[in-house]
Amino acid sequence: MKYVAYHRTSTKDQHLDRGIAELTKYCKTHNIQLYKSKVYTDQRTGKDFDRPRYIMLKEEILESGDVLIVTELDRLGRNKEATLKELRFFKDNGIRVMVLELPTTLIDLSAMENSMARMMLETINNMMIELYASMAQVEIEKREKRQREGIEQKKARGEWDDYGRPRVMDLEEFATHYRLVQQGEKKPFELMKELGMTKPTFYRYKNQIEKGC
């Protein structure tokens, strides 16, 4: 059985240190030896699960009987439906998920002899996970709404030209995605759709990458 820790932040501007420290401290306190003695991390959006380290954990490292540990449910994902789908995958494949902010997930239900108590705790777990997944999605929807309203207000005040159109994503992050096109693994229109970019925006980024800007 392996204990595997995972942490995520949305952008490179957000520090991973706090989450890594929290996971490391919990494991040390509870005498848990982490796989490879490390915390696997991604600095990608929580809207989907297209993240290199996460995909590696899911496809190459985690096996039946293993345990995945995260600090908070929204560090796993912020899209409710997608997050619950991932959790179902882990359950169906015999992989336990521990979420430090949800104490009931820290209890090993398989070790409980009382079937009624086990069933009650599992029900509570499912309810809490669904609640926290809903809260994570609501938070990102509120953030996006505030961003849209802020842009509209700037446009209404005639200030939008002073700020210019904000970047869809960091150029370095785009370069990582665009490498798949350069390697022939994806077509430009496929990546364009995946990143939610318009054609002009996509090719503006492409030109900057190829010019070495």
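Residues numbered from 1 in each chain as written. Predicted model: local features only at pLDDT ≥ 70, side-chain atom pairs only at ≥ 80, totals over all residues. Heavy atoms only, no water.

As annotated in an unreviewed UniProt entry, the protein is Recombinase family protein from Anthropogastromicrobium aceti. Word for word, the UniProt comment on the protein under Sequence similarities (unreviewed entry) is "Belongs to the site-specific recombinase resolvase family." (UniProt positions renumbered as here; feature names shortened; annotations may be inferred.)

J.: Tell me about the pattern of salt bridges, residues and numbers included.
T.: Tallied over the entire structure, the rule returns 11 salt bridges. Glu22 serves as the salt-bridge partner of Arg18, at 3.4 Å between the closest nitrogen and oxygen. Taken as a pair, Arg18 and Glu22 lie in helix H1 (residues 17-29) at a separation of four residues, close to a single helical turn. Judged by its relative accessible area of 53%, Arg18 is exposed. Residue classification places Glu22 among the partly exposed positions, given a relative accessible area of 30%. Through salt bridges that share partners, Lys2, Glu63 and Asp66 make up one connected network. (Salt bridge = Lys/Arg side-chain N within 4 Å of Asp/Glu carboxyl O. Helix = DSSP H or I, 4+ residues; strand = E, 2+ residues; numbered from the N terminus. Buried < 20%, exposed > 50% of the residue type's maximum accessible area, 1.4 Å probe, protein only.)

J.: Pulling in residues and values, what's your account of the packing of aromatic side chains?
T.: Inspection of the entire model under this criterion finds nine aromatic pairs. Aromatic pair Tyr54 and Phe90: ring centres 6.4 Å apart, planes at 75°, arrangement edge-to-face. Remark: Phe90 occurs in helix H4 (residues 80-92) and Tyr54 occurs in helix H2 (residues 52-61); sequence separation between them is 36 residues. On the accessibility criterion, Tyr54 (2% relative accessible area) is buried. An angle of 55° between the planes, with centres 5.0 Å apart, marks the rings of Phe174 and Tyr205 as tilted. Residue Phe174 is found in helix H7 (residues 171-182), and its partner Tyr205 is found in helix H9 (residues 199-210); the two are separated by 31 residues along the sequence. Assessed through its relative accessible area of 1%, Tyr205 is described here as buried. (Phe/Tyr/Trp six-rings, centres within 6.5 Å; stacked < 30°, edge-to-face > 60°.)

J.: So what's going on with the environment of Leu84? Which residues, and what values?
T.: Structurally, the position occupied by Leu84 is in helix H4. Overall, the relative accessible area of 16% leaves Leu84 in the buried class. Here the alpha-carbon distance between Leu84 and Lys28, two residues 56 residues apart in the chain, equals 29 Å. Sequence-distant contacts of Leu84, defined by excluding residues within four places in its chain, comprise Ile129, Glu130 and Ala133. (Contact = heavy atoms within 4.5 Å.)

J.: Could you give me a rundown of H4, with the residues and numbers involved?
T.: Compared with an ideal rise of 1.5 Å per residue, which puts 13 residues at 18 Å, H4 spans 18 Å between its outermost C-alpha atoms and is within 8% of the ideal. Looking at H4, one finds that the buried residues are Thr83, Leu84, Glu86, Leu87 and Phe90. One side of H4 carries all its buried residues, which in axial view fall inside an arc of 155°. Within H4, the exposed residues directed more than 90 degrees away from the buried face are Glu81, Lys85 and Asp92. Once H4 ends, the next one or two residues include Gly94, with phi positive near 70°. (Expected span 1.5 Å × (residues − 1). Arc of directions from axis to C-beta.)

J.: Could you give an account of the nonpolar core, with specific residues and numbers?
T.: Of all hydrophobic cores here, the largest spans 21 residues; its most connected members are Leu57, Leu68 and Leu76. Of all the secondary-structure elements, those providing two or more residues to this core are strand S1 (3-9), H2, strand S3 (67-70), helix H3 (73-76), H4, strand S4 (96-99) and helix H5 (115-156). In this structure Leu68 touches Val4, Tyr6, Leu57, Leu62, Leu76, Phe90, Ile95, Arg96, Val97 and Met98, once residues within four positions along its chain are discounted. (Core = buried A, V, L, I, M, F, W, Y, C linked by side-chain atoms within 4.5 Å.)

J.: How would you explain the packing of helix H8 (residues 188-195) against H9 if you had to name every residue and give the values?
T.: For the pair H8 and H9, the least separation of the axes is 10 Å and the interaxial angle reads 110°. Classified by the angle between their axes, H8 and H9 sit roughly perpendicular to one another. For the pair formed by H8 and H9, the contact residues are Pro188, Leu191 and Met192 on the first element and Lys199, Phe202 and Tyr203 on the second. Of the residues assigned to the contact of H8 with H9, the class counts are five nonpolar, no polar and one charged. (Axes fitted to C-alpha atoms, helices over the stretch in contact; angles between N-to-C directions. Parallel < 35°, antiparallel > 145°, perpendicular 65-115°, else oblique. Nonpolar A, V, L, I, M, F, W, Y, C, P; charged D, E, K, R; others polar.)

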